[in-house]
Each structure stands twice: as structure tokens, then as C-alpha cells.
Amino acid sequence: MKRKVTKAIFPVAGLGTRFLPATKSVPKEIMTLVDRPLIQYAIDEARAAGIEDFIFVTSRGKSALEDYFDHSPELESALRKSGKTDLLDTLKATNMDSGAIAYIRQHKALGLGHAVSCARKLIGDEPFAVILPDDLIASEKPCLQQMIEAYQDTGGAMVAAMEVTPEQTSSYGVLDVLSEDGSVVKVKGMVEKPAAGTAPSNLAVIGRYILTPRIMQNFKNIERGAGGEIQLTDAIAYELTAGRDIFGYKFEGERFDCGSKAGFLQATVSFALKRPELRDEMAGFLKSLDVDKALAG
Ligand code: UTP
């Protein structure tokens, strides 16, 4: 039995340039999908997987995130007085216990790997999860839970893996596969954003990871990688150099890239259609759209 994974890092210090001008004042993770900010979906997934300690790597201008997870006594009391118990329950479900959340600042956006390394002192000697709230995964069993269960057998470092088209590989970290056993893939290499035509496979790394504390040491041994950033992929791939295992996990579920406008809009429509109170109206609206006319111009 491997050590239980109870800590998760949420790197949310990126600049979010693809959503400018909105992200000038609203953190990307606070943007709303139906009626909940993106970060809430990530937190719910982590909680369902047994995570107890939530570590946010933030940056300047992200204070809305800290406020979001605080209690809101005035709002709660107003809802209680007016008998709006359903809303009160919804609100309370977003509260986090005192001491469950830690915030660490990444002073300069030097890359995802650098953001993760900023949390090293809070991780100590335990395995930990990393969740990118941009990657939203709709699934019966939460993606992180699927991975934590698989990790109990494999140990090592584990990354969520998803098949993409050959044209898409240059936007992702890509796995070089040694062997496959059901949903688990043993990895012999990882490349961040390979140049077109050079990807070792079509299995891309998605924003869910279970990592060993040794990864934090690896940052000392890697240089800046793709895009001049300190890449998490490179720190994980260093495990192979040190003779340790890396696994990919082909999760069950539908993933939306909410870091891109098209992905965010697709997630909004898909999640709205899953909500009983919105389904009929949304379906009616979608059917009424004259897509051909829009495409024509
Ligand atoms: P992205 O590659 O989506 O970058 O980061 P971004 O800055 O958020 O968005 P764009 O590309 O400018 O629109 C993936 C994840 O890594 C975090 C981001 O917050 C996001 O969750 N990240 C990235 C950091 O925390 N720090 C960094 O230096 C870079």
C-alpha cells in the first residue's frame, strides 16, 4: 500500500493572456461555468478523491480567489433570514475549513514547473497531486480519484494521458510509451510541445498529476525548457534519468480545455445541458441556431 495522497497543488499564477481583457481584473479560475467558478470544479474533484490540504500557487491580482473560499457570514445570514435554504446549502458547500488552504506566491510567471516548485516546503516528504483547474474533466468517477486508485498499484509518478490528433501534439507534453496495460501506460520519455511531426506518440499529458516528493528535487537539475519556461514535464521526465518509473493514466471522461476560449465555451454548453433546470431551454436555443447562416457570414 502506497502512502495516501492528501495534498494537492493548484497552480493558478499564470497570466491568462488568452482571456484578456477579462483576465486584467478577473482571475481565469474565477470565470464562471454556468454558476460556479472554474476553481470550484477542481476543488470538488480533489475533495472527492480524498484531498485534505489544498495548496494554491497564486500571483498578484488573484485576491478574488482567496475571497471566494472565505466564509460569507453576511450573505449566509441574509439567506437564512429569507428562508433560502437551498442557496444557503450551495453557499456553504464552497466554504473551506480554516487551515485547509494555503496560499503561496509565485513572484514571476516562470512556468508551470516553477509554480509547482514554489510549494516544495509545504509538500515535505509526501506524494502529492497537481490539478490544473483549466483542464475540466467531466466523468462519473472523478479523474483524480481514478488516478489515485491506479497509483496504489503503480507508485512512481503518474500523469493523466489523453489521445489527441497528430496536429494537436505540438500543444502538449507528449508521452513516449514503453508498454501498455489497460489504462496504465509505462513511459520511457516525455517531450514538452514537440515540433510538428516529431511527437513520440499521440498520448498527451493533461492537467492531473500524482507526483512523488523527489520531483521537487529534480528542479535543481533541469534548465528552462520549451518557451523559455521551467517545465513540469522536464522535472517529471528527469525521474527516468534517475532510473525511476513514470506512468501515464488513460482516464475515463470528457476533458475540456477551459484555458482556451473555444474549450471554455464548449464546456459551458455541455455543462448547461447536463443541468436539469437549464437543459430544455438550452437545447431549444441550440436547435434554433442557424449554424450554416453564421458560417456563411
Ligand atoms: P497556461 O499555459 O494555461 O498559461 O498555464 P496561463 O498563463 O494560465 O494562460 P495563457 O496561456 O496566458 O492564456 C497552465 C497552468 O499553469 C499555471 C496557470 O495558472 C495554469 O493553471 N501557471 C502557468 C502558473 O501557475 N505559473 C506560471 O508561471 C505558468
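Our subject is the structure listed above.
Residues numbered from 1 in each chain as written. Predicted model: local features only at pLDDT ≥ 70, side-chain atom pairs only at ≥ 80, totals over all residues. Heavy atoms only, no water.

**Brief notes about the environment of Glu126**
And step 1. Among the structural elements, Glu126 can be located in the loop between helix H6 (120-123) and strand S6 (128-131).
And step 2. Put simply, Glu126 and Thr212 are 86 residues apart on the chain and 6.8 Å apart in space, counted from C-alpha to C-alpha. (Helix = DSSP H or I, 4+ residues; strand = E, 2+ residues; numbered from the N terminus.)

**A word on the site of the ligand**
And step 1. In the neighbourhood of the ligand, 17 residues make up the surrounding shell, with Pro11, Leu15, Thr17, Lys28 and Gln106 lying closest.
And step 2. Between the ligand and the protein, one listed contact pairs an oxygen atom with a side-chain N or O atom of Lys28 at 2.7 Å.
And step 3. Against a free-state accessible area of 570 Å², the protein chains account for coverage of 82% of the ligand.
And step 4. Structurally, the ligand is housed in the largest pocket.
And step 5. When its residues are assigned to classes, the shell around the ligand shows 8 nonpolar, 5 polar and 4 charged. (Near = heavy atom within 4 Å. Polar contact = N/O pair within 3.5 Å; in protein donor to acceptor, adjacent residues only side chain to side chain. Areas by Shrake-Rupley, 256 points an atom, 1.4 Å probe, with all protein chains shown as cover. 1 Å grid on protein atoms, 1.4 Å probe; cavity = no way out; pocket = protein on both sides within 12 Å on 5 of 7 lines; lining within 4 Å. Sits in = over half its atoms within 2 Å of the grid points. Nonpolar A, V, L, I, M, F, W, Y, C, P; charged D, E, K, R; others polar.)

**Focus on unusual backbone geometry**
And step 1. Residue Pro21 is reached from Leu20 by a cis peptide bond, and omega for that bond is 10 degrees.
And step 2. Locating Pro21 in the fold gives a position in the loop between strand S1 (7-11) and strand S2 (32-33).
And step 3. At Val34, a position not held by glycine, the phi torsion is positive, near 65 degrees.
And step 4. Position of Val34 relative to the elements: it lies in the loop between S2 and strand S3 (36-37).
And step 5. Look at Val34 and you get partly exposed, because its relative accessible area is 27%. (Buried < 20%, exposed > 50% of the residue type's maximum accessible area, 1.4 Å probe, protein only.)

**Quick look at the side chain of Thr58**
And step 1. Mapping Thr58 onto the fold places it in strand S4 (residues 53-58).
And step 2. Excluding residues within four positions of it along the chain, Thr58 makes contact with Val12, Ala13, Tyr103, Ile104, Arg105 and Gln106. (Contact = heavy atoms within 4.5 Å.)

**Things to note about the pattern of salt bridges**
And step 1. For the structure shown, the criterion picks out 15 salt bridges.
And step 2. Note that Glu29 and Lys62 form a salt bridge whose closest N and O atoms lie 3.1 Å from each other. With a gap of 33 residues between them, Glu29 in the loop between S1 and S2 and Lys62 in the loop between S4 and helix H2 (63-68) connect regions that are remote in the sequence. One exposure class covers both Glu29 and Lys62, and it is buried. (Salt bridge = Lys/Arg side-chain N within 4 Å of Asp/Glu carboxyl O.)

**Notes on the layout of surface pockets**
And step 1. There is about 1,100 Å³ of room inside the largest pocket.
And step 2. As for the largest pocket, its lining consists of 38 residues, of which Arg18, Leu112, Leu132, Asp134 and Lys193 are closest to the centre.
And step 3. Of all the secondary-structure elements, those providing two or more residues to the lining of the largest pocket are helix H5 (112-117), strand S11 (203-211), helix H9 (232-241) and strand S13 (254-257).
And step 4. For the lining of the largest pocket, the per-class residue count stands at 16 nonpolar, 12 polar and 10 charged. (Points joined across faces, edges and corners; volume = space filled by probe spheres on them.)

**Quick look at the pairing of strand S7 (residues 135-138)**
And step 1. Residue alternation in S7 divides its side chains into two sets, Asp135 and Ile137 and Leu136 and Ala138, and both sets are buried.
And step 2. Bridging between S7 and S13 involves 4 bridges; their strand directions are antiparallel. Note on S13: the bridge partner recorded for Leu136 is Phe256. (Pairing = 2+ DSSP bridges.)

**A few points about H9**
And step 1. All of the buried residues along H9 are Leu232, Thr233, Ala235, Ile236, Ala237 and Glu239.
And step 2. Just beyond H9, the residue with positive phi is Gly243, at close to 80 degrees.

**Topic: the side chain of Thr23**
And step 1. On the secondary structure map, Thr23 appears in the loop between S1 and S2.
And step 2. A distance of 2.8 Å separates a polar side-chain atom of Thr23 from the backbone oxygen of Gly16.
And step 3. With near-sequence residues (within four places) excluded, Thr23 lies in contact with Leu15, Gly16 and Lys28.

**Examining the packing of helix H10 (residues 261-274) against helix H11 (residues 276-288)**
And step 1. The contact between H10 and H11 brings their axes to 6 Å, and the two run at 125 degrees. As the angle between them shows, H10 and H11 are arranged oblique. Facing H10, whose interface residues are Val269, Ala272, Leu273 and Lys274, H11 presents Pro276, Leu278, Arg279, Met282, Ala283 and Leu286.
And step 2. Taken together, the residues that form the contact of H10 with H11 break down as 8 nonpolar, no polar and 2 charged. (Axes fitted to C-alpha atoms, helices over the stretch in contact; angles between N-to-C directions. Parallel < 35°, antiparallel > 145°, perpendicular 65-115°, else oblique.)

**So, the environment of Lys274**
And step 1. In this fold, Lys274 is placed in helix H10.
And step 2. The spatial distance from the C-alpha of Lys274 to the C-alpha of Ile206 is 23 Å, given a sequence separation of 68 residues.

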